[in-house]
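Commentary on secondary and tertiary structure
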Amino acid sequence: AQTVTQSQPEMSVQEAETVTLSCTYDTSENNYYLFWYKQPPSRQMILVIRQEAYKQQNATENRFSVNFQKAAKSFSLKISDSQLGDTAMYFCAFMNPRVSYQLTFGKGTKLSVIP
Amino acid sequence: GAVVSQHPSRVICKSGTSVKIECRSLDFQATTMFWYRQFPKKSLMLMATSNEGSKATYEQGVEKDKFLINHASLTLSTLTVTSAHPEDSSFYICSAPSMAGHTEAFFGQGTRLTVV
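These numbers were taken from a predicted model, which means no experiment stands behind them.

It is characteristic of soluble globular proteins that their nonpolar side chains tend to be buried jointly. Of all hydrophobic cores here, the largest spans 25 residues; its most connected members are Tyr-25, Trp-36, Phe-75, Leu-77 and Tyr-90 of chain A. Residue assignment for this core shows that the elements contributing at least two residues are β3 (19-21), β5 (33-39), β6 (46-52), β8 (64-69), β9 (74-79), β10 (88-95) and β12 (109-114) of chain A. Ranked by the residues each element gives to this core, the list is headed by β10 of chain A, at four residues. Judged by nonpolar contacts, the second largest core, of 24 residues, contains Val-11, Phe-28, Ala-96 and Phe-106 of chain B.

The next point concerns the side chain of Ser-77 of chain B. Residues and elements named next belong to chain B. Of note, Ser-77 is situated in strand β8 (residues 76-81). A relative accessible area of 0% means that Ser-77 is categorised as buried. Side chain to side chain, Ser-77 and Ser-50 meet in a polar contact 2.9 Å long. Excluding anything up to four places from it in sequence, Ser-77 contacts Ile-21, Glu-22, Cys-23, Met-33, Trp-35, Ser-50, Ile-69, Asn-70 and His-71.

Now for the interface of chain A and chain B. Listed by partner, the interface residues are 18 residues for chain A and 21 residues for chain B. In this assembly, chain A packs against chain B so that about 1700 Å² is buried in total across both faces, 54% of it on carbon and sulfur atoms. Summed over the three residues of chain A that lose the most area to chain B, namely Arg-43, Tyr-101 and Gln-102 of chain A, the buried surface amounts to 32% of that side. Counting across the interface, chain A meets chain B through zero salt bridges. Considering every element that reaches the side of chain A that touches chain B, the biggest residue donor is β5 of chain A, with four residues. A class-by-class count of the residues in the side of chain A that touches chain B yields 10 nonpolar, five polar and three charged.

The next point concerns the sheet that holds strand β3 (residues 19-25) of chain B. All names here are of chain B. Taking strand neighbours across the sheet as the criterion, the four strands line up as β1-β3-β8-β7 in an open arrangement whose pairing is antiparallel. The open sheet has two edge strands with one neighbour each: β1 (4-7) and β7 (67-73). The mean inter-strand angle of the sheet, taken between neighbouring strand axes irrespective of direction, is 15°. Relative to β8, β3 runs antiparallel, the two sharing six bridges. By the bridge assignment for β8, Ile-21 is matched with Leu-79.

What counts as what
- Residues numbered from 1 in each chain as written.
- Chains lettered and ligands numbered in written order.
- Predicted model: local features only at pLDDT ≥ 70, side-chain atom pairs only at ≥ 80, totals over all residues.
- Heavy atoms only, no water.
- Core = buried A, V, L, I, M, F, W, Y, C linked by side-chain atoms within 4.5 Å.
- Buried < 20%, exposed > 50% of the residue type's maximum accessible area, 1.4 Å probe, protein only.
- Helix = DSSP H or I, 4+ residues; strand = E, 2+ residues; numbered from the N terminus.
- Polar contact = N/O pair within 3.5 Å; in protein donor to acceptor, adjacent residues only side chain to side chain.
- Contact = heavy atoms within 4.5 Å.
- Buried area = accessible area lost by both parts, 1.4 Å probe.
- Salt bridge = Lys/Arg side-chain N within 4 Å of Asp/Glu carboxyl O.
- Nonpolar A, V, L, I, M, F, W, Y, C, P; charged D, E, K, R; others polar.
- Pairing = 2+ DSSP bridges.
- Axes fitted to C-alpha atoms, helices over the stretch in contact; angles between N-to-C directions.

Any link to function would need more than the numbers given here.
What follows is the structure, encoded as structure tokens:
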């Protein structure tokens, strides 16, 4: 079974600064996908970024980038130029394509962007 | 992008009654959908996997007779909370993987259930 660990229950960052959210996971699979989801107060789950395990290059999406370390089973999210709209819960998630593509979520990190 | 619509967004019901929550994929077919439960300030816990045309697969500890799942078509899955009790009050979210390689999940807006 897969496990996803987010060790930072809460974090804060000044507007326009950079913040990194940590995520580690445990799996015996070699092929899998990793995600960061954002859940704002509306509680709608929004995909932030996705990483395929077989790709060595770190995924980037505008101000969001990841540091994917497969051997260390680490998948951190870096948010650059933080904006007030980035305030939300952030969930790291693991997807095993061999198990019906279901997601396993970490406990989440509550990020607050301070003006 | 693909859209998953969940209805209702909020529902209040009396103890002992049943509540049905719908999850629809609006612009793609979903042979599989997932139902999650989220407690306040907690993560999403997978309750069950809904399979079109066959029985749902429930996670350990989830009562299948209490949480009835029906996936009657390629675009609709329903979760019925039967004989609801206050402890069933929670936020329920559905999701469906994309058709293109199933490597992305699209989420419904969620349903806040309050049992009084």
